[in-house]
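Spelled out from the first residue to the last, the chains are:
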Amino acid sequence: MRIILMGPPGAGKGTQADLLVHELGIPHISTGDMFRKALKEGTPLGLEAKRYMDSGGLVPDDVTIGIVKERLDMADAANGFLLDGFPRTVPQADALAQTLQELGVALDVVLDVVVDRDALLARLTGRRVCRACGATYHLVFNPSLQGDKCQSCGGELYQRDDDTAATAENRLDVYNKQTAPLVDYYKKKGLLLEVDGGKPVDEVTRDILKALGREKR
Ligand code: ADP
Ligand code: AMP
């Protein structure tokens, strides 16, 4: 399946993607994760992305489109993918459509995960991420059983620089201005499926799998 997971920062895209890719057997492609990995490795891409990520703004389209095209060309994406955090602008969506057309494939569905703003801010400011394996937790809604260590690998949990209250507010404003128009964009193409992301994690996963016609194994 070729799936886009849309929704504002904090909607639970990464959390759901990690669970869904196991069920669906397709790679999870997150542009945010790709930028953070590049930054950790100190590459020119990472350093450029940091200039925008720190304030909650978007990395320029040409840079972002370039890394996604390269990623979609890799062998493991040939039979499907779950895109998380891309596209975030109309030019990115147009570029994706062109790339998929060149590859001779098509999107199956765009899942729009809907969560209200107050809940998004609570989720973003309480998010903690494992420095070693990238697992995502929440101080209140999904705490690690190992306290401030990752329950799956023992790694240190940290707060992302862009998860402070002020930057989180800005990211939600950027989403409303630049990314929300994609809801109509994909609705017009008949691809959009809305998901209530305000429910507990396992219920959201179940709803998504049901909407995809796949029951949880
Ligand atoms: P996104 O990738 O959309 O930015 P994440 O998956 O990182 O969002 O989730 C943001 C925060 O909210 C994380 O701390 C995560 O543990 C928490 N979270 C995710 N889904 C839910 C949910 N359904 N209910 C409560 N908290 C959630
Ligand atoms: P995320 O992990 O999806 O919350 O993304 C973190 C940050 O990475 C965003 O606030 C942007 O600065 C940058 N980013 C991720 N994906 C994109 C994208 N598709 N276009 C532009 N910037 C992006």
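Reading the values: the criteria
Residues numbered from 1 in each chain as written. Chains lettered and ligands numbered in written order. Predicted model: local features only at pLDDT ≥ 70, side-chain atom pairs only at ≥ 80, totals over all residues. Heavy atoms only, no water. Helix = DSSP H or I, 4+ residues; strand = E, 2+ residues; numbered from the N terminus. Buried < 20%, exposed > 50% of the residue type's maximum accessible area, 1.4 Å probe, protein only. Contact = heavy atoms within 4.5 Å. Areas by Shrake-Rupley, 256 points an atom, 1.4 Å probe, with all protein chains shown as cover. Near = heavy atom within 4 Å. Polar contact = N/O pair within 3.5 Å; in protein donor to acceptor, adjacent residues only side chain to side chain. Patch = residues over 30% accessible without salt bridge, like charges linked within 9 Å, V, L, I, M, F, W, Y side chains within 5 Å. Salt bridge = Lys/Arg side-chain N within 4 Å of Asp/Glu carboxyl O.

Draft legend 1. Molecular detail of the overall build of the chain. In terms of helices and strands, the chain carries nine helices and eight strands. For the chain, the spread of C-alpha atoms along the three principal axes comes to 45 × 40 × 35 Å. Burial analysis of the chain (217 residues in total) assigns 47% to the buried set. In the chain, of all internal contacts separated by at least 6 residues, the share reaching a separation of at least 24 is 70%. Accessible surface, the chain: about 11000 Å² in total, of which carbon and sulfur atoms supply 51%.

Draft legend 2. Structural context of the site of ligand 1. Lining the immediate environment of ligand 1, one finds 19 residues, of which Lys 13, Thr 15, Arg 127, Tyr 137 and Lys 199 sit closest. For ligand 1, a nitrogen atom lies 3.3 Å from a polar atom in the side chain of Arg 123. In the environment of ligand 1, an oxygen atom lies 2.5 Å from a nitrogen or oxygen atom belonging to the side chain of Arg 127. Protein contacts shield 92% of the accessible area of ligand 1, which totals 560 Å² for the unbound molecule.

Draft legend 3. Examining a nonpolar patch on the surface more closely. Among the surface-exposed residues, Leu 139, Val 140 and Phe 141 lie close enough to one another that they form a single nonpolar patch of about 340 Å² accessible area. Relative to the assigned elements, Leu 139 resides in the loop between strand S6 (136-138) and strand S7 (157-158).

Treat this as a map of the structure, not an account of what it does.
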